Amino acid sequence: MVASHRDCHRRDNNPVSDKTRIIRGGTWGVALQERLATSTIGTSQWMQEQTRLLKDDINSQVGLLQLRSRECCLKLYVSKSARQNLLFRLGQSRAVRSFDVAHRLTAARVPVPEPLACLWVPEGMLLLTQGLAGSRNLNEIWREQGEPQEPAGLLQAAGVAVARLHRGGYAHGDCKWSNLLWDDQQCYLVDLDDTRKAPLASVRQARDLARFTLNAEELGITAELYALFLGSYLHGTGASRDSVIAAMLPWLETLRQRHSIKYGERGHRLF
């Protein structure tokens, strides 16, 4: 939700608005702004001290934060130049695009974390979303546990999530297993930076399926388990198996070759 006129007026009279600016989020933006106002250190260091970091590199930081008695996920997009920082301050950033697309997907009942706020800070842009307590991404689950206790339900839920996204007219853009979170009930799509509008059965959507399938191959997923994902996806989209596989295979072969050069041969082929 875009900040209301009341929230904007409040920001104009807020002494911390000179070092932060709410781009999206209204009440949640104010809560995050006020939390940051108590700090005398930079946002990056603040995240290291105040969040449970999940990711930390030169381009971004991601951590879990308790805010308004709720677990939230906070991502810092680091600006790389003064020009980019100005664009961030004007609301032109991947964080804002992610917020807006998540808002539309939530309305369309696609399982994504609820977007809560976007806040400009001197280091770049903060994106605040719903935290999913106890959730883990599919890649972590498989790598740490081997095959989990109930893999069928997890893969079927992944098929439902991707099908809802595609049925809603979108492609994720980076549909790897680490961008699907499982909370023991359903799968959520995360990292929506590259999510774009795309017609059902489009090239972009075929690439989503190829990316998911490549991870399945590299993790050694059996053909029987993969069939549960694909069946769930086909049921959700109404597409035929032959047409989906035919559209996906050229992308899958390209990704296989790219990963083979970069990482060496891993896993097995499902097709």
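Each value, and the rule that gives it
- Sequence order as written defines the numbering, with residues in each chain counted from 1.
- Local features in a predicted model are, by the rule used here, given only for residues with pLDDT of at least 70; side-chain atom pairs are given and counted only at 80 or more, and totals for whole chains, interfaces and linings are based on all residues.
- Calculated side-chain values reflect all of the structure's heavy atoms, with hydrogen atoms and water omitted.
- As a per-residue measure, pLDDT reflects the predictor's confidence and takes values from 0 up to 100.
- Residue contacts follow a heavy-atom distance rule, with two residues in contact if any of their heavy atoms lie within 4.5 Å.
- The angle between two axes is taken between their N-to-C directions and runs from 0 to 180 degrees, where each axis is a line fitted to C-alpha atoms and a helix contributes only its stretch in contact.
- Helix and strand assignments follow DSSP, with helices taken as H or I runs no shorter than four residues and strands as E runs no shorter than two, numbered in order from the N terminus.
- When the near helix sits turned anticlockwise from the far one by under a right angle, the crossing is termed left-handed; a clockwise turn instead gives a right-handed crossing.
- Here the term charged refers only to Asp, Glu, Lys and Arg, the term nonpolar to Ala, Val, Leu, Ile, Met, Phe, Trp, Tyr, Cys and Pro, and the term polar to all other amino acids, Gly among them.
- Using a 1.4 Å probe on the protein chains alone, a residue whose accessible area is under 20% of its type maximum counts as buried, one over 50% counts as exposed, and one in between counts as partly exposed.
- Strand pairing requires that DSSP identify at least two bridges connecting the strands.
- For classification purposes, angles smaller than 35 degrees are called roughly parallel, those larger than 145 roughly antiparallel, those between 65 and 115 roughly perpendicular, and all remaining angles oblique.
- Note on terminology: a nonpolar core comprises buried Ala, Val, Leu, Ile, Met, Phe, Trp, Tyr and Cys residues joined through side-chain atoms within 4.5 Å.
- Between 30 and 60 degrees the pair is tilted, below 30 it is stacked and above 60 it is edge-to-face, where a pair is any two Phe, Tyr or Trp rings, Trp via its six-membered ring, whose centres lie within 6.5 Å.
- Geometrically, a lysine NZ or arginine CZ counts as sitting over a ring once it is within 6 Å of the ring centre and also within 35 degrees of the ring normal.

Further remarks concern the confidence of the model for the protein. Scored by pLDDT, the protein comes out at a mean of 91, with 93% of its residues at no less than 70. Residue range residues 1-17 is modelled with pLDDT below 50. Its contacts to residues more than four positions away, or to other chains, number 24 contacts.

It is the contact of helix α7 (residues 151-167) with helix α9 (residues 223-237), at a shortest axis distance of 7 Å, that shows an interaxial angle of 30 degrees. Handedness of the crossing formed by α7 with α9: right-handed. Between α7 and α9, the residues in contact are P151, A152, L155, Q156, A158, G159, V160, V162, A163, H166 and R167 and L225, L228, F229, S232, Y233, G236 and T237, respectively. For the contact of α7 with α9, the class distribution of residues is 11 nonpolar, 6 polar and 1 charged.

Moving on to unusual backbone geometry. Phi angles above zero are rare outside glycine, and R68 is one such case at about 50 degrees. Position of R68 among the secondary structure elements: in the loop between β3 (60-67) and β4 (70-78). Taking the relative accessible area as the measure of exposure, R68 reaches 48% and is therefore partly exposed. Backbone geometry places R109, a non-glycine residue, at a positive phi of 65 degrees. Here R109 is to be found in the loop between α5 (94-107) and β5 (115-121). Taking the relative accessible area as the measure of exposure, R109 reaches 66% and is therefore exposed.

Turning next to the sheet that holds strand β7 (residues 136-137). What the 3 strands build is an open sheet, ordered β7-β9-β10; its pairing is antiparallel. This sheet does not close on itself; its edge strands, each paired only once, are β7 and β10 (187-189).

Where α9 meets helix α10 (residues 241-263), the closest approach of the two axes is 10 Å, and the angle between their N-to-C directions is 110 degrees. When the interaxial angle is binned, α9 and α10 end up roughly perpendicular. Where α9 abuts α10, its residues Y226, L230, Y233 and L234 lie against R241, V244, I245 and M248. Split by residue class, the contact of α9 with α10 holds 7 nonpolar, no polar and 1 charged.

Right, let's get into the nonpolar core. In this structure, L138, W142, W177, F212, I221, Y226 and F229 are the most contacted members of the largest nonpolar core, which totals 43 residues. If you list the elements that add at least two residues to this core, you get α5, α6 (138-145), α7, β9 (180-182), β10, α8 (203-218), α9 and α10. The dominant element in this core, judged by the number of residues it contributes, is α7, at 8 residues. Apart from residues lying up to four places away in sequence, W142 is in contact with E147, P148, P151, L154, L155, W177, L219, I221 and L225. In terms of nonpolar packing, the next biggest core, distinct from the first, is built from 19 residues, L36, L67, C72 and V121 among them.

Moving on to the packing of aromatic side chains. Per the stated rule, a full pass over the model turns up 6 aromatic pairs. Seen from their ring centres, Y226 and F229 are 5.8 Å apart, and the 45 degrees between their planes marks the pair as tilted. With Y226 and F229 both in helix α9, this residue pair falls 3 residues apart, about one helical turn. Y226 sits in the buried class, given a relative accessible area of 4%. Taken together through their ring pairs, the aromatic side chains of W142, W177, F212, Y226, F229, Y233 and F271 make up a single cluster. A cation over an aromatic ring shows up here: R68 above the ring of W28, its NZ or CZ 4.6 Å from the ring centre. Over the aromatic face of W120 sits the side chain of R89, whose NZ or CZ is 4.3 Å from the ring centroid.

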